Amino acid sequence: MMNTTEPLAQRTEDQVPACVTMPAAEILETPEAYLLLLDMPGAPKESITLAVTEDGLVVEAMVAPRPAENARMLLQEIRTTAYRRAFALGKGIDANAIEAGCAEGVLTVTLRKSAKVQPREITITS
Amino acid sequence: MFVRFQPLRVEVPSLRPLFDVERSLEDVFGGILDTPALKTASGGPALEIRENEKETVVVAEIPGVAKEDVKISVHTGLLTISGTRKRPGAAEGAKVLRNEIAVGTFSRTFELPQSIDAEKVEATLVNGLLTITLPHSESARPRSIQIT
């Protein structure tokens, strides 16, 4: 993965190799929908893509490069340059009604349950 | 300086079976072994620190934390970043199916490598990344001295 053998402190930012991270997720369920929260610090809203493929819901994002001209790296714990994670979609999710919003580096995806899995009451008519 | 252990998660097709194993183990043990949540709770936010002649720049990963919930202090050469990550409002009354995201307080302190001008420290919080710019004090900047 590492292309150079130099100590990190002597490398500049552009030499740090690409690193795709799986973002941490929280999945919540309400009566109407599932909520998927993903921690993607550093990824601007414009860089985030959501796609429903045969693998399920695929979320990808790019971390905005941080300018580091003439800088010497003293500590480098943030290596992520991109995020990627896929989630299988259950049958009860309406794939056509997926919404997403992003704030403070957290992506919130709302996956509505399809009408047929939502609880409903049936009145006895006769 | 304290360096927090942060395993890399790299998507390499040949390594995918390993991640599948990890995921299965996680399902069994409830993610006790290595969840991002625990890493955050114990070690504080991940950092990047770089410097040039004029300034030291500290970047911290604090997704989901509001600007008003972050505190930065510079005292006797030590920089402390602390704050609170609140539970998202959407989580109220919802059933949690999977949780890898830790909430609560965090704090991280480290020694600054240069003497800095505490008056001119600036910080921004964009997309969950906190960037603190610490200009070096005049006395700490390299300068050449002429022989007279």
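Residues numbered from 1 in each chain as written. Chains lettered and ligands numbered in written order. Predicted model: local features only at pLDDT ≥ 70, side-chain atom pairs only at ≥ 80, totals over all residues. Heavy atoms only, no water.

Draft legend 1. Quick peek at the pattern of salt bridges. Scanning the model with the defined rule gives 14 salt bridges over all chains in all. A salt bridge links A:K113 to A:E29, with the nearest nitrogen and oxygen atoms 2.8 Å apart. One end of the pair, A:K113, is in strand β9 (residues 106-113); the other, A:E29, is in strand β2 (residues 25-29), and 84 residues separate them in sequence. Grouping residues by exposure puts A:K113 and A:E29 together as buried. The shortest N-O distance in the salt bridge between B:R108 and A:E77 comes to 2.8 Å. Within this pair, whereas B:R108 is found in strand β6 (residues 104-111), its partner A:E77 is found in the loop between β6 (72-76) and β7 (82-87), the two belonging to separate chains. Summarising the burial analysis for this pair, B:R108 and A:E77 share the class buried. What emerges from the salt-bridge pattern is a single network uniting A:E29, A:K113 and B:K95. (Salt bridge = Lys/Arg side-chain N within 4 Å of Asp/Glu carboxyl O. Helix = DSSP H or I, 4+ residues; strand = E, 2+ residues; numbered from the N terminus. Buried < 20%, exposed > 50% of the residue type's maximum accessible area, 1.4 Å probe, protein only.)

Draft legend 2. Highlighting unusual backbone geometry. In this structure, A:E104 takes a positive phi of about 50 degrees despite not being glycine. Residue position: A:E104 is located in the loop between β8 (93-103) and β9. We note that B:N127 has phi near 50 degrees; this positive angle belongs to a residue other than glycine. Secondary-structure assignment places B:N127 in the loop between β7 (122-126) and β8 (129-135). Among the residues examined, B:N127 registers a relative accessible area of 25% and is labelled partly exposed.

Draft legend 3. Broad picture of the sheet that holds β2(A). What the five strands build is an open sheet, ordered β8(A)-β9(A)-β3(A)-β2(A)-β5(B); its pairing is antiparallel. Because the sheet does not close on itself, it has two edges, and the strands there are β8 of chain A together with β5 (95-99) of chain B. Here the average twist between neighbouring strands, direction ignored, is 20 degrees. Relative to β5(B), β2(A) runs antiparallel, the two sharing four bridges. Of the residues in β5(B), the one forming a bridge with A:I27 is B:R98. (Pairing = 2+ DSSP bridges. Axes fitted to C-alpha atoms, helices over the stretch in contact; angles between N-to-C directions.)

Draft legend 4. Inspection of the environment of A:M22 at higher detail. Residue and element names in this part refer to chain A. Topologically, M22 is positioned in the loop between β1 (20-21) and β2. Note on M22: relative accessible area 15%, which makes it buried. Measuring from C-alpha to C-alpha, the distance between M22 and E60 comes to 9.4 Å, with 38 residues separating the pair along the chain.

Draft legend 5. Just the confidence of the model for chain A, in detail. Per-chain confidence: chain A averages 84 in pLDDT, with 87% of residues scoring 70 or above. Note that residues 1-11 of chain A has pLDDT below 50 and, in this model, 19 contacts with residues that lie over four places away or in other chains. (pLDDT = per-residue confidence, 0-100. Contact = heavy atoms within 4.5 Å.)

Draft legend 6. Quick look at the interface of chain B and chain A. Each partner contributes to the interface: chain B provides 44 residues, whereas chain A provides 43 residues. For the pairing of chain B and chain A, the buried interface totals around 3800 Å² over both sides, and the portion due to carbon and sulfur atoms is 57%. Applying the counting rule to chain B against chain A returns seven salt bridges. At the surface where chain B touches chain A, the tally comes to 17 residue pairs in polar contact (both at pLDDT 80 or more). Counting residues per element, the ones that place at least two in the side of chain B that touches chain A are β1 (47-51), β2 (55-61) and β5 of chain B. Residue composition of the side of chain B that touches chain A, by class: 24 nonpolar, six polar and 14 charged. (Buried area = accessible area lost by both parts, 1.4 Å probe. Polar contact = N/O pair within 3.5 Å; in protein donor to acceptor, adjacent residues only side chain to side chain. Nonpolar A, V, L, I, M, F, W, Y, C, P; charged D, E, K, R; others polar.)

Draft legend 7. Local environment of the environment of B:D69. All names here are of chain B. Along the chain, D69 turns up in the loop between β2 and β3 (70-75). Note: C-alpha distance between D69 and T105 (36 residues apart in sequence) is 9.6 Å. Polar side-chain contacts of D69 include one of 3.4 Å to the side chain of K86.

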